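What follows is each chain in one-letter form.
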Amino acid sequence: MIRLPLTFGSFNLPTFDPGADGPPDRMLARVQSLAVLAEDLGFHSVWLAEHHFQPHGGILSAPDVLLAALAARTRRIRLGLGVVQIPYHHPLSVAERVATLDQVSGGRLELGLGRAFLKCEYDGFGVPMEESRARFAENSEILLRALRGETFAHEGRFFRFPELRVEPRCLQRPHPPVWVAAATTPETFTWAGENAHHLMIAPLLSPDLASLAEKIGLYFAARERAGHDPATGRVLMNVHVHVDDTFDAAFDTAAPHVLRYVAETRAAGASTIASFKRDGVPRDFTHYPALGMRWGGFTPEDAADKGTIVVGAPDDCAAKLAELIDNLHVTTVAGTFDFGQPVETVERSMRLFADKVVPQLTGEEAA
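An account of the accompanying structure is given in this report. (Residues numbered from 1 in each chain as written. Predicted model: local features only at pLDDT ≥ 70, side-chain atom pairs only at ≥ 80, totals over all residues. Heavy atoms only, no water.)

**Details of helix H7 (residues 186–194)**
For step 1, the next point in the chain: For H7, the tally of buried residues reaches seven of nine residues, placing the bulk of the element in the interior.
For step 2, the next point in the chain: Those residues of H7 that sit buried are Pro-186, Thr-188, Phe-189, Thr-190, Trp-191, Ala-192 and Gly-193.
For step 3, the next point in the chain: Of the surrounding secondary structure, the elements contacted by the buried residues of H7 are helix H6 (132–147), strand S7 (178–181), strand S8 (198–201) and helix H8 (209–225). (Buried < 20%, exposed > 50% of the residue type's maximum accessible area, 1.4 Å probe, protein only. Helix = DSSP H or I, 4+ residues; strand = E, 2+ residues; numbered from the N terminus. Contact = heavy atoms within 4.5 Å.)

Okay, here's the thing in structure tokens:
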């Protein structure tokens, strides 16, 4: 398979505790300043996650608003919604906000779509988890028709509306590049491939790297069966990254913060796992209990060894990332550089990554 050019981005999914992290405006300013730094360092993209109602990412409950602010502070870097949790939202409203953001950013938007997996969020929006896949499919269809500028009516299971057209149109035609977040469910990988979308993965959210590689294979096979050139499919990998002068220095700094990060993730999913044990696992989420079991036994040492987090000196990080890129067909490395370390430490890690890791991976390292 022809390998597309490798690009690099910054992915933001912060845990937020006002007691430890200060007021919300400080955290939101931090996210913006690190995004501006990413542009200054030559990164291709910056991505903001979407979560709700809890410390795990909940401060980014309106990522499109924050990306609009970043559009005014940056000029080149691509701005990624990573991802819109589409089962929760009215797709016409999402289309209006996406198209407006694409316009005000000068056509720099990247659109990620996800099915979501936290019961507290489904309950908060009044959406049954059992409807997850059906809502994802219907809402995505409506969203993309609207973004293409079609005049259309819709009569579906969840939404009905008369003939209309969403304004404004996207600046990018037919719409911004579409990425689908996939973690454990094979059908999601297949659906993304069948519909010629790009793929977003996170090794930390997958039960193991071998099964993740198999599911990525399903994605490319589905693209080919549907008549889409597999070589045009892109794979974005989100992975926690911390770079320092030595492996020990990087690991010692990163370990306590990644432990807190995983603990917040586990806490966010606790109600989901509890409901699965009490009421049974919904058909659309049969692969998720294995992920919960993996988080229960998480250690930074094991994660660093396997590459589900990438820490070390520049040479260490480049070697581990090169292995992941090859095994998982990665075309974009989107590092989560900020997972609670002091901001000066995050900035230094990003600079080391741009100056000493990226050149090794792109073949541009000075002789």
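**Overview of the packing of helix H2 (residues 24–40) against helix H3 (residues 63–73)**
For step 1, the next point in the chain: Between H2 and H3, the least distance of the axes is 10 Å, while the angle of their chain directions is 45 degrees. Taken together, the axes of H2 and H3 lie oblique to each other. For the element pair H2 and H3, the recorded crossing hand is right-handed. Listed contacts from H3 to Leu-28, Val-31, Gln-32, Ser-33, Ala-35, Val-36 and Glu-39 of H2 are Leu-66, Ala-69, Leu-70 and Arg-73.
For step 2, the next point in the chain: Residue composition of the contact of H2 with H3, by class: seven nonpolar, two polar and two charged. (Axes fitted to C-alpha atoms, helices over the stretch in contact; angles between N-to-C directions. Parallel < 35°, antiparallel > 145°, perpendicular 65-115°, else oblique. Left-handed = near helix turned anticlockwise from the far one by under 90°. Nonpolar A, V, L, I, M, F, W, Y, C, P; charged D, E, K, R; others polar.)

**Focus on the pattern of salt bridges**
For step 1, the next point in the chain: Scanning all chains against the criterion turns up 14 salt bridges.
For step 2, the next point in the chain: A salt bridge links Asp-302 to Lys-306, with the shortest nitrogen-to-oxygen separation between them at 3.4 Å. With Asp-302 and Lys-306 both in helix H11 (residues 300–306), this residue pair falls four residues apart, about one helical turn.
For step 3, the next point in the chain: The class for Asp-302 is partly exposed, based on a relative accessible area of 34%.
For step 4, the next point in the chain: Using a relative accessible area of 47% as the deciding quantity, one classes Lys-306 as partly exposed.
For step 5, the next point in the chain: Put simply, Arg-145, Arg-148 and Glu-150 are held in one network by salt bridges that share partners. (Salt bridge = Lys/Arg side-chain N within 4 Å of Asp/Glu carboxyl O.)

**Overview of the environment of Ala-137**
For step 1, the next point in the chain: The topology assignment puts Ala-137 in helix H6.
For step 2, the next point in the chain: Using a relative accessible area of 32% as the deciding quantity, one classes Ala-137 as partly exposed.
For step 3, the next point in the chain: Note: C-alpha distance between Ala-137 and Trp-191 (54 residues apart in sequence) is 9.1 Å.

**Re the side chain of His-52**
For step 1, the next point in the chain: Inspection of the secondary structure puts His-52 in the loop between strand S2 (45–48) and H3.
For step 2, the next point in the chain: Once residues lying within four places of it in the same chain are set aside, the contact partners of His-52 are Gly-58, Ser-61, Tyr-88, His-89, Cys-120, Glu-121 and Phe-125.

**Some words on the pairing of strand S11 (residues 332–336)**
For step 1, the next point in the chain: Burial runs high along S11: five of the five residues are buried.
For step 2, the next point in the chain: The alternating pattern of S11 places Thr-332, Ala-334 and Thr-336 and Val-333 and Gly-335 on opposite faces, both of which are buried.
For step 3, the next point in the chain: Strand direction decides the pairing type here: strand S1 (residues 7–12) and S11, joined by four bridges, are parallel. The partner of Gly-9 across the bridge, within S11, is Ala-334. (Pairing = 2+ DSSP bridges.)

**What about the side chain of Thr-331?**
For step 1, the next point in the chain: Mapped onto the fold, Thr-331 is located in the loop between helix H12 (314–328) and S11.
For step 2, the next point in the chain: Excluding residues that lie within four positions of it along the chain, Thr-331 makes contacts with Leu-4, Pro-5, Leu-6, Thr-7, Arg-234 and Val-235.

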